[in-house]
Every structure is written in C-alpha cells, then in structure tokens.
Amino acid sequence: MERFFGAKWITDDTAIGDNSRMLRREFSVREGLRQATLYCCGLGYGVYTINGENVTDEVLVTPFTRYDRTVLYNTFDVTSRVRTGENAIGVHLGNGFYNDNCPTWDFDKADWRSHPKLILELVLTYADGSEERIVSDGSWSGYGGPILYNHMRAGEIRDDRLLEEGWDRPGFAGRWAPALVCRSPGGVLRPAELPPIRVAERLPMREIRPGLYDCGVNISGWVRIRVKGKAGDTVSLRYAEYINPDGTLNDRISLFTKGELRHEDRFILRGGREEEYAPCFAYHGFRYVAVQTDAELLSIGTEIVHTDLTVVGDFECSDPMLNRIHDAVRRSTLCNYMGIPTDCPHREQNGWTGDALFSCEQSIMNYDMTSAYRKWLNDFKDVQRPDGQLPGIVPTSGWGFNWGSGPLWDSAIIMLPYYTYQLTGDDSLIRQMWENMTRYMSYLDRMAVGGIVDFGLPDWCPPPGAVPCPPRVTDTAWYYADACAMSRSCAVLGVPDPYREIADAVRTAYRREFLGDEELKKSQTFLACGLYWGMYEGEEIPRMAAKLAKLIEENDCRIDCGTHGTKCIFTALSENGYAETAYRMVTNPAMPSYAYWLDHGATTLAEQWGFFNASGTVDSLNHHMFSEVDYWFYRYVAGIRLSGGELEVRPCFIPQLEWVRAHRGDIEVRWNRTHLTVKAPVPSRVFLDGQEYLVPPGEHTFPRSGT
C-alpha cells in the first residue's frame, strides 16, 4: 500500500526560526477497532502523543539523513493509545539537523534547510476489515511551541508558561491557527529500518560542590530534573566533560554552537506546583552539570541516550586495567552512535567516516551493527558524487569533499561492508553497496600516480613529537587494502575479479617507493602499516617486526602513532610474537597510553593521547577512533578470529594474565594457566602449543603444556 497517500507536509509557520512548533488534530474512532498504526516523519525531530500519552519510548526521532535525497519515516503501533470515541494527535517539532542554524560544515547553507514540518498517516483497521486514514493536511491546527530555542548541540530554552495544557487531548479549546501546507524536504520517503535511539540507562548525580553535579562517567544524553518554584523561575543546566582547577566548568568543547547557549538547557517554570523537565530536541556529551536556579531542586538524575544497539559480545580478564579499557571503549562507542556513528557527542556530532572505520571491527564484536550500518551506508549512496568521490562526513550538505576526506576516511564505504562479512558471515552490506564500492575504487584508480595515492588526511592525532608517517604511505596502504577487500568480495559475490591485479600493482609500487627509505623506518606507524597490510616478504617480516618492537622498547614502551598506526600496531606485534610488547604498551602508565587516560580520570577514550591539543587546551574526552585495542582483546588476547563465517581460535597467552573470557554471539573462549576451552556452534580450528586441532561444533577443553 502506498504510504502517505493524500497526506501533506504541514507546519504552523513558514518562517525559519529557532523555536519549536506544535500541530494537532482530533479524530473519532468507532467500535470494533483492531489495529491503529502511525506512520510519521517530523523534521528535524518529532515528539508524538495520542490523548496526551507519548506513542513511543524512542527519542530524537527522526533519523538524520541528507534530507533532499532520503527522508526516513517511523512506524508505531498505537493501538493501546487509541480509544473508542474522541481522540487527539499531538506533534511537537524541533529543528534537529534539518534546520541547523549554526554556521559549521555548511549545514546552515544546506539546500534542504527549512522550518520544522510534518507528514503523517494514522491507519485505523477495524474488525470488519474496513480502514480509516487520518492524514496531515490543512485540517490540522498549529501553534508556536513552548521551546523558544533549540539546537541539537547548543541546547534548548523551554518556557512552560507558554504551554497550553490539554493541547494534545480531545476537547481542547485553544485558539490555534489552521496548519499551513508547505514544501517537502525533497527526499524520497522510506521506512526507518535501524535500531532506534532510546534512554538506555539512568544514573544518579552527586553534588560535589554547591550547584555542581557529577554522574561519575562521561556520557551522551541529558539530565532530568524535578523542581518547584514560582512562575518565571529559571533553571540553567550547563554541561561539560571536565572542570577547571578552580571548580568551574570548562566549556572549551562548545566550539560549534551559536548564540547564548553553549551546551546548556534552560527551563522556565510555569509555577505553583512540582514540574519535571528534560530536553526534547538536544543532547549533550558530559559528565558534569552546573545547576543555577532560584527554584527548589527536588531531584536531578542523568539519562544516558544512544542508539539501542544489541550487545552480542563481551571480554573480561584477570587484569582490571584491560577490563576498564574495554568498558571505556564500549561506552565511547555507544555515546557516539546516534542514528549514525558520530565522532563525539558534544562538539560536532558529525558522521566522520574515518572514526567509524577505525572502530568498526571492535564495534561488530561488541554489538549487532548490521542494520545500523545498513542505514548509514545508504547515506553514503546519497552523498557520493557520480565520479565516486566521497566527503569526510556522512551525511553532508556538500562540505568535506576537498578537505576532511581521503583513503583513511573514505575506505569506510568498502571496509564496513567487508568487515561485517568477515566477522558475521553476512554479505548483504557488500551486495547493497557493491555499485558504490566499485565507483569509489574507480575514483582511487584515477587519483593514483604510478600506483601511489596521496590525498586527504594523514595518520590522525598522533602524540606530541611523534615520528610522522607521510600520507602517501598510509593512503597507498588503504588503496591496497581496498583492492584486496574488493577482490575477496568478488569471490563472495561470484563476479569477475579485476581487483587482484590492481592490488598486486599497488603493493609492488608501495614496496618500490617506500621500503628502502631508512627515515621511514623510524616511524612506528610506517613499520606497523607494512606488517599489518602484508607489504613485507620472507625474512623482511621478522626483521621489521623486531625493528618495530625495538622502536617501542626504545620509546619506553609508549605508542607513537595516530589513528592509522594504532589500528595496525597491535596486529603487527601480535602476529609476529610480540603480543606481550603490545600489552606493555597498552598498560603503560606513562603518556601516551590507554592506561594513562584512565589513570587520569577518563571513563571514555580521548581525542588526543595527552588530552591536550597543539594549542595546549583540552580536546574531546569522548571519541571512539582509538578503539582498535578492543578488537585486539577479542582477536589476539582471547583468540577469536572470524573470517567469513569460519572460526579460528589462536590466543596469545600473555604471561601477565591469569585468565581470559570472551564471547561473540554463541562463540566463547576461556583460558587460564592450565587449560583452553572453546565453545562454538560451528567447526573450529584451534591452535595451541604448536599444534592445530580441527574440532566439531560444541564445547572442547584442551590442556596447556609447559605452564
């Protein structure tokens, strides 16, 4: 059945502004209702009620897309909300990314940008098989909402003195104007088929000094308060990741906000009773909240908000530091999934492609990512240029094609589908994206000169003083990796393979151009890159692995890599007998290391190894781009190695660890000083003490020798 037939895009006001909008309609239901289904798209965000009750526990609805190409609508079963007789639908609309009023990344200049608007269809199905449809059109009524300002990063200002009670219930007698039929956003309406955003967890807040509260961990979301005061009293809620030595909030992270709000929500009381408030159309990345008000604060608590990803894996071991790092990785991953994988939940909330690429494999080991990635990869389809070029952020309104991209970022279009297949056996994302993947490879081929690629961002965010690795090295490595993934994907799809020849030519060019450069061999990233991507041959492999281990030892076992080098270095060491070196690097208490972050108060992964950027100010404390370490926990420390539905178990028995437990889906690996246990629903190849065992599905325990 065609959705939204006869429905119109409507609003209450066609002026672009910062305020929220409200729309309502009453309708009657006769006896014998069997099913009521609501199809709705409110841009940028919508809150939907029937008879005064929210129709869903989802928040920050609708998903972010390139709205002039694709617009996603939501479907809700509202049978329990509808009653025989008179009913009312209420819709509260906020700006979201659709009406971004902040001049950053050109979203404020987007062709789609306009006022909040709604298209809606309510289908009532009766026991006799008949249907009735209520659609959005000029019969609705509209009114300016009580939220005077809303921006997804900056925050919102809500004045409940402006809220007309009963507006979303039948029998309301307010003097609302007829809704205005307006222009559509331009994109094709498609169903939203991705995990929703929800309040995932609630945490208490502790007052650490008058008016300053701490929830104990860095999160994404907001606070919910209960207050009591007189009409016009204002509650200010200012959010931050960290506090200055003098106890004040550090709002350095609020770079890309506009006007008076900098990660702040303000609630103006109606007065005379207890009132509750949490924002509708903004979310924040924070740990601390400063509260300023003349009203009585009755309660305050944190609501953690992110895409509701299903947990499918976990890791635990005898070392508390590794467990804390694992927790920090998972928290960073969740905080940065809001319908798309973002870089950070505060400063930008952008879908940087490289951040998601560098954290892809651990994300798949920890969560069911397929449907979430499917939506985001469709966003790649909407932004990819005809020649294959990609921007550094997805979605985009046009920014990021000529800065912020390059193979280290763009390769997400190929590697996310490929890694998903490798780790789950599901090739549907490869099939979905194949045309776009081939188009990007053609673009890389045109950018290559003599097999070498050199454009875009470098090894991102290395520690201060790191030995640099030129972009032409890392770009060419990803060109080779993309060609290899495309070649293997051809075999999966059963199509002719032109990419193996390309991969071989790129590898030859890489070896010719870079392997003889002695200066490059002073870079951890360069050596790790060559080992990770298989650029060395024969005796070169152990020699370069030993050189990498020696570089690390000479650097007091500290990492000297940005995002690309960090992705490569754990595998490069562990595949060549240096897993213990990797462990010592991870747990080194000195900067730069993961242990350094956690020992200095971090509960999520930071953007900079030393917390501070080149200007000496603190950057984001909640990025996920350095999360490859968690994939190392699964693949090397536990030994779960997945490849297109096949399982190999080959743990690195790091001597500092007494025991390890990990699972991914129904696959579980446990080991201690004396035994290794493997439980899997598929045949497994188990490597232990120099022996290989092929075992059938089930649980198998092997004694360890020499321990």
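Residues numbered from 1 in each chain as written. Predicted model: local features only at pLDDT ≥ 70, side-chain atom pairs only at ≥ 80, totals over all residues. Heavy atoms only, no water.

Engineer: How would you summarise the side chain of Asn101 if you had to cite specific residues and measurements?
Structural biologist: Positionally, Asn101 belongs in the loop between strand 7 (85–94) and strand 8 (117–126). Residue Asn101 is classed as buried on the basis of its relative accessible area, which comes to 4%. Of the polar contacts made by the side chain of Asn101, one reaches the side chain of Asp18; its length is 2.5 Å. Asn101 has contacts with Asp18, Asp108, Arg113, Tyr149, His151 and Lys258, leaving out every residue within four places of it along the chain. (Helix = DSSP H or I, 4+ residues; strand = E, 2+ residues; numbered from the N terminus. Buried < 20%, exposed > 50% of the residue type's maximum accessible area, 1.4 Å probe, protein only. Polar contact = N/O pair within 3.5 Å; in protein donor to acceptor, adjacent residues only side chain to side chain. Contact = heavy atoms within 4.5 Å.)

Engineer: I'd love a proper account of the sheet that holds strand 28 (residues 667–672), names of residues and values included.
Structural biologist: Taken in spatial order, the five strands of this open sheet run 24-27-28-29-32, and their pairing is antiparallel. A single partner strand is all that each edge strand has here, and the edge strands are strand 24 (313–317) and strand 32 (698–703). Pairs of neighbouring strands in the sheet enclose a mean axial angle of 5°, with direction left out of account. Here six bridges tie strand 27 (residues 659–664) to strand 28, and the two strands are oriented antiparallel to one another. (Pairing = 2+ DSSP bridges. Axes fitted to C-alpha atoms, helices over the stretch in contact; angles between N-to-C directions.)

Engineer: Can you break down the nonpolar core residue by residue, with the values?
Structural biologist: With 199 residues, the main nonpolar core has Ile325, Tyr419, Trp533, Ile569, Tyr594, Trp597 and Trp632 as its most contacted residues. For this core, the leading source of residues is helix 8 (residues 471–493), giving 12 residues. Leave out the neighbours within four places in its chain, and Trp597 touches Ala602, Leu605, Ala606, Gln608, Trp609, Phe611 and Phe626. By size, the runner-up hydrophobic cluster in this structure holds 25 residues, among which are Ile50, Val61, Val91 and Trp140. (Core = buried A, V, L, I, M, F, W, Y, C linked by side-chain atoms within 4.5 Å.)

Engineer: How would you summarise the packing of helix 1 (residues 320–335) against helix 13 (residues 579–587) if you had to cite specific residues and measurements?
Structural biologist: Across the interface, helix 1 lies against helix 13 with an axial gap of 10 Å and an inter-helix angle of 70°. Considering their axes alone, helix 1 and helix 13 lie roughly perpendicular with respect to each other. Along the contact surface, helix 1 presents Met321, Leu322 and Ile325, while helix 13 presents Tyr583, Val586 and Thr587. Taken together, the residues that form the contact of helix 1 with helix 13 break down as five nonpolar, one polar and no charged. (Parallel < 35°, antiparallel > 145°, perpendicular 65-115°, else oblique. Nonpolar A, V, L, I, M, F, W, Y, C, P; charged D, E, K, R; others polar.)

Engineer: Outline helix 8, supporting the account with residue identities and numerical values.
Structural biologist: Relative to the 33 Å expected for 23 residues at 1.5 Å per residue, helix 8 spans 32 Å between its end C-alpha atoms, a close match to the ideal helical length. With 18 of its 23 residues buried, helix 8 lies for the most part within the structure. In the segment just after helix 8, Gly494 is the residue with positive phi, at about 70°. (Expected span 1.5 Å × (residues − 1).)

Engineer: Give a detailed account of the packing of helix 6 (residues 412–424) against helix 7 (residues 428–447), specifying residues and quantitative values.
Structural biologist: Where helix 6 meets helix 7, the closest approach of the two axes is 8 Å, and the angle between their N-to-C directions is 145°. Regarding helix 6 and helix 7, the two cross each other, and that crossing is left-handed. Residues Ile413, Ile414, Pro417, Tyr418, Thr420 and Tyr421 of helix 6 lie in contact with helix 7, whose contacting residues are Leu429, Ile430, Met433, Asn436, Met437, Tyr440 and Met441. Per-class residue counts for the contact of helix 6 with helix 7 are 11 nonpolar, two polar and no charged. (Left-handed = near helix turned anticlockwise from the far one by under 90°.)

Engineer: Got a sec to walk through the sheet that holds strand 7? Specific residues and values, please.
Structural biologist: Strand order in the open sheet formed by six strands is 5-4-7-2-10-13, and the pairing between neighbours is antiparallel. The open sheet terminates on both sides in strands that have one partner only, identified here as strand 5 (53–54) and strand 13 (177–178). As defined by bridge partners, strand 4 (residues 45–50) adjoins strand 5 across two bridges and the pair is classed as antiparallel. Its bridge partner lying in strand 5, Ile50 is registered against Glu53.

Engineer: Tell me about the state of the cysteines, and please be specific about residues and values.
Structural biologist: For the structure shown, the criterion picks out zero disulfides. In this structure Cys102 is not part of a disulfide, and its nearest cysteine sulfur, from Cys344, lies 13 Å away. (Disulfide = S-S within 2.5 Å.)

Engineer: Summarise unusual backbone geometry; cite the residues concerned and give the values.
Structural biologist: Leave glycine aside and you will find that most residues have negative phi; peptide bonds, for their part, are mostly trans. Leu43 connects to Gly44 through a cis peptide bond whose omega is -5°. In this structure, Gly44 sits in the loop between strand 3 (33–43) and strand 4. Each neighbour pair has its own omega, and for Met591 with Pro592 the value is 5°, a cis peptide bond. Positionally, Pro592 belongs in the loop between helix 13 and helix 14 (594–599). Phi at Asp556 takes a positive value of approximately 55°, unusual for a residue other than glycine. If you trace the backbone, Asp556 turns up in the loop between helix 11 (540–554) and helix 12 (563–574).

Engineer: I'd like a description of the pattern of salt bridges, backed by residues and values.
Structural biologist: Following the criterion strictly, the structure yields 53 salt bridges and no others. With its nearest N and O atoms 2.5 Å apart, the salt bridge here joins Arg273 to Glu165. Here Arg273, found in the loop between strand 20 (264–268) and strand 21 (274–277), pairs with Glu165, found in the loop between strand 12 (155–159) and strand 13; they are 108 residues apart in sequence, far enough to count as distant. Take Arg273: its relative accessible area is 38%, and that puts it in the partly exposed class. One network of salt bridges, with partners in common, ties together Arg202, Arg224, Glu276 and Glu303. (Salt bridge = Lys/Arg side-chain N within 4 Å of Asp/Glu carboxyl O.)

Engineer: Got a sec to walk through the environment of Thr571? Specific residues and values, please.
Structural biologist: Here Thr571 shows up in helix 12. Between the C-alpha atoms of Thr571 and His675, which are 104 residues apart in sequence, the distance is 24 Å. Those residues within four positions of Thr571 in sequence are excluded, and the remaining contacts are Tyr532, Glu628 and Tyr636.

Engineer: Residue-level account of the packing of aromatic side chains, with values.
Structural biologist: Any two aromatic rings considered together are summarised by their centre-to-centre distance and by the angle between their planes. Following the criterion strictly, the structure yields 42 aromatic pairs and no others. Taking 6.4 Å as the distance between ring centres and 65° as the angle between the ring planes, the aromatic pair formed by Phe358 and Trp478 counts as edge-to-face. Pair noted here: Phe358 is in helix 2 (residues 353–358) and Trp478 is in helix 8, with a separation of 120 residues, a long-range link. Each member of the pair Phe358 and Trp478 is classed as buried. Ring pairing ties together the aromatic residues Phe315, Phe570, Tyr594, Trp597, Trp609, Phe626, Trp632, Phe633 and Tyr634, which thus form one cluster. Taking the ring centre of Tyr39 as reference, the NZ or CZ of Arg3 above it sits at 3.9 Å. The lysine or arginine in question, Arg650, covers the ring of Phe687, its NZ or CZ lying 3.7 Å from the ring centre. (Phe/Tyr/Trp six-rings, centres within 6.5 Å; stacked < 30°, edge-to-face > 60°. Lys NZ or Arg CZ within 6 Å of the ring centre and 35° of its normal.)

Engineer: Go over the side chain of Arg641 with me, naming the residues and quoting the values.
Structural biologist: Mapped onto the fold, Arg641 is located in strand 25 (residues 640–643). Assessed through its relative accessible area of 7%, Arg641 is described here as buried. Of note is the side chain of Arg641, whose polar atom sits 3.0 Å from the side chain of Glu575.

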